[in-house]
Amino acid sequence: MHGPTAVPPTVVLVHGAFTDASCWSGVIGHLRAAGLAVAAPVNPLRGLTHDAACLQALLDRTVGPVVLVGHGYGGAVITQAAACDGVLALCYVAAFGLDVGECVQDVLCRFAPTVMADATVTVADRDGLRIRAERFAQVYGEDLPPRAARLLATAQPPLAENALTERSGRPGWAWTPSWYAVATADRMLNPSAQRFMAQRMTATEHVLDASHAVVLSQPEAVAAMIQEAVAQGMARDDDHRPAPAG
């Protein structure tokens, strides 16, 4: 990926577990209406190292600076892939902002379990984890229309089990300005865990009354946070941005 330039950044949206890139459709509409270039690649959900490498390959082909946005497990992916030049900002949406040597399971175990831990996730045909269809709306998105929740439950891709246990590398948020949308009604990722990670990375917090499906239920609010990150990233003097350690 080329270094920062005078051109506006590309916003790269990375989806999380149990959904695909279509979850960003509403957010994409708002961002494009604001004149921003947007990419929403497929996150393979095969494990942190593999998924971050796939994202890094995309970033290497992207001309100009980027703002990385991650939802849920996608936050862990952008955290690892952000160790490169040209990333102006990181945006986390009810997402995992892991520290070095930390895994998703570490964060989940550190806080009170949510309903997701109540036997709602099963191994399906040995290809990964899924949420039981009859519990999907309760676990993932109680603020979604019932039909939308049913469609998501049917179409959900599997998450490789090692995605929960692979250890993160150097966290991009350690030197990159970050934003965090805390979903206060999230029943997958404890809101207390979200606040902990947001405060650890000294992120600019946006508090939203939403479920884990916040990118679908409140796309305008999520897009507004991203636009704020883009504007501040563009305004910041690149000479004063901290460089990656090491």
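**Student:** Lay out the overall build of the protein chain in plain terms, naming residues and giving numbers.
**Tutor:** Looking only at helices and strands, the protein chain features 9 helices and 8 strands. Every one of the 246 residues in the protein chain was classed for burial, and the buried ones make up 51%. For the protein chain, the computed accessible surface area is about 10,200 Å², with 55% contributed by carbon and sulfur atoms.

**Student:** Just give me the short version of helix α3 (residues 73–81), but keep the residues and values in it.
**Tutor:** Burial within α3 is extensive, with 8 of its 9 residues counted as buried. Lining the buried residues of α3 we find β1 (10–14), α2 (48–60), β3 (66–71), β4 (87–93) and α4 (104–110).

**Student:** Give a detailed account of α2, specifying residues and quantitative values.
**Tutor:** The end-to-end C-alpha separation of α2 is 18 Å, in line with the 18 Å expected for 13 residues at 1.5 Å each. On its buried side, α2 packs onto β1, β3 and α3.

**Student:** Describe the pairing of β3, naming the residues involved and giving the relevant values.
**Tutor:** Consecutive residues of a regular strand have side chains that alternate between opposite faces of the sheet. In terms of burial, β3 is largely enclosed, as 6 of its 6 residues are buried. Both faces of β3 are covered, namely the face carrying Val66, Leu68 and Gly70 and the face carrying Val67, Val69 and His71. Pairing between β1 and β3: 5 bridges, direction parallel. Counted as the bridge partner of leucine 13 is valine 69 from β3. The sheet contact formed by β3 and β4 spans 6 bridges and is parallel. Its bridge partner lying in β4, glycine 70 is registered against tyrosine 92. On the question of chirality, the crossover connecting β3 to the parallel β4 by way of α3 is right-handed.

**Student:** Please give an account of the packing of α2 against α3 that cites residues and values.
**Tutor:** Axis separation between α2 and α3 bottoms out at 9 Å; the angle between their running directions is 60°. Viewed along their axes, α2 and α3 adopt a mutual orientation that is oblique. The handedness of the crossing between α2 and α3 comes out as right-handed. Here α2 contributes Leu48, Thr49, Asp51, Ala52, Leu55, Gln56 and Leu59 to the contact with α3, which in turn contributes Tyr73, Ala76, Val77, Ile78, Gln80 and Ala81.

**Student:** Kindly report on the nonpolar core, identifying the contributing residues and their values.
**Tutor:** With 49 residues, the main nonpolar core has Phe18, Leu55, Leu68, Tyr73 and Tyr180 as its most contacted residues. Aside from chain neighbours lying at most four places away, what touches leucine 55 is Val12, Val14, Pro41, Val77, Ile78 and Ala81. Among the nonpolar cores identified, the runner-up in size contains 29 residues, and Val11, Val38, Ala89 and Ala94 belong to it.

**Student:** Give a description of the packing of helix α1 (residues 25–33) against helix α9 (residues 219–235) that names residues and reports values.
**Tutor:** Orientation of α1 relative to α9, taken along the N-to-C sense of each, is 50°, at an axis distance of 8 Å. Our classification of the angle between α1 and α9 gives oblique. α1 and α9 meet at a crossing whose hand is right-handed. Side by side, α1 and α9 meet where Gly26, Val27, His30 and Leu31 of the first sit next to Pro219, Glu220, Val222, Ala223, Ile226 and Gln227 of the second.

**Student:** Describe the packing of aromatic side chains, with residues and values.
**Tutor:** Within the structure shown, the criterion is met by 3 aromatic pairs. Taking the centre distance of 4.9 Å and the plane angle of 25° together, the rings of phenylalanine 136 and tyrosine 140 count as stacked. With a gap of 4 residues between them, phenylalanine 136 and tyrosine 140 both fall in helix α5 (residues 136–140), about one helical turn apart. Residue phenylalanine 136 is classed as buried on the basis of its relative accessible area, which comes to 0%.

**Student:** Go over the state of the cysteines with me, naming the residues and quoting the values.
**Tutor:** Under the criterion given, the structure shown has 0 disulfides. Cysteine cysteine 109 is unpaired, with the sulfur of cysteine 103 as its nearest cysteine sulfur at 7.8 Å. On the basis of relative accessible area, cysteine 109 is assigned to the exposed category, the value being 58%.

**Student:** How would you summarise the pattern of salt bridges if you had to cite specific residues and measurements?
**Tutor:** Tallying each qualifying case throughout the model produces 4 salt bridges. Note that aspartate 106 and arginine 167 form a salt bridge whose closest N and O atoms lie 2.3 Å from each other. A residue pair is termed long-range when its members are at least 10 positions apart, and aspartate 106 in helix α4 and arginine 167 in the loop between α6 (146–155) and β7 (178–183) qualify at 61 residues. Judged by its relative accessible area of 26%, aspartate 106 falls in the partly exposed class. For arginine 167, a relative accessible area of 48% puts it in the partly exposed group. Salt bridges here are not isolated pairs; linked through shared partners, they connect Glu102, Arg110 and Arg200.

Criteria and cut-off values
Residues numbered from 1 in each chain as written. Predicted model: local features only at pLDDT ≥ 70, side-chain atom pairs only at ≥ 80, totals over all residues. Heavy atoms only, no water. Helix = DSSP H or I, 4+ residues; strand = E, 2+ residues; numbered from the N terminus. Buried < 20%, exposed > 50% of the residue type's maximum accessible area, 1.4 Å probe, protein only. Areas by Shrake-Rupley, 256 points an atom, 1.4 Å probe, with all protein chains shown as cover. Contact = heavy atoms within 4.5 Å. Expected span 1.5 Å × (residues − 1). Pairing = 2+ DSSP bridges. Right-handed = clockwise from strand over helix to strand, strands pointing away. Axes fitted to C-alpha atoms, helices over the stretch in contact; angles between N-to-C directions. Parallel < 35°, antiparallel > 145°, perpendicular 65-115°, else oblique. Left-handed = near helix turned anticlockwise from the far one by under 90°. Core = buried A, V, L, I, M, F, W, Y, C linked by side-chain atoms within 4.5 Å. Phe/Tyr/Trp six-rings, centres within 6.5 Å; stacked < 30°, edge-to-face > 60°. Disulfide = S-S within 2.5 Å. Salt bridge = Lys/Arg side-chain N within 4 Å of Asp/Glu carboxyl O.

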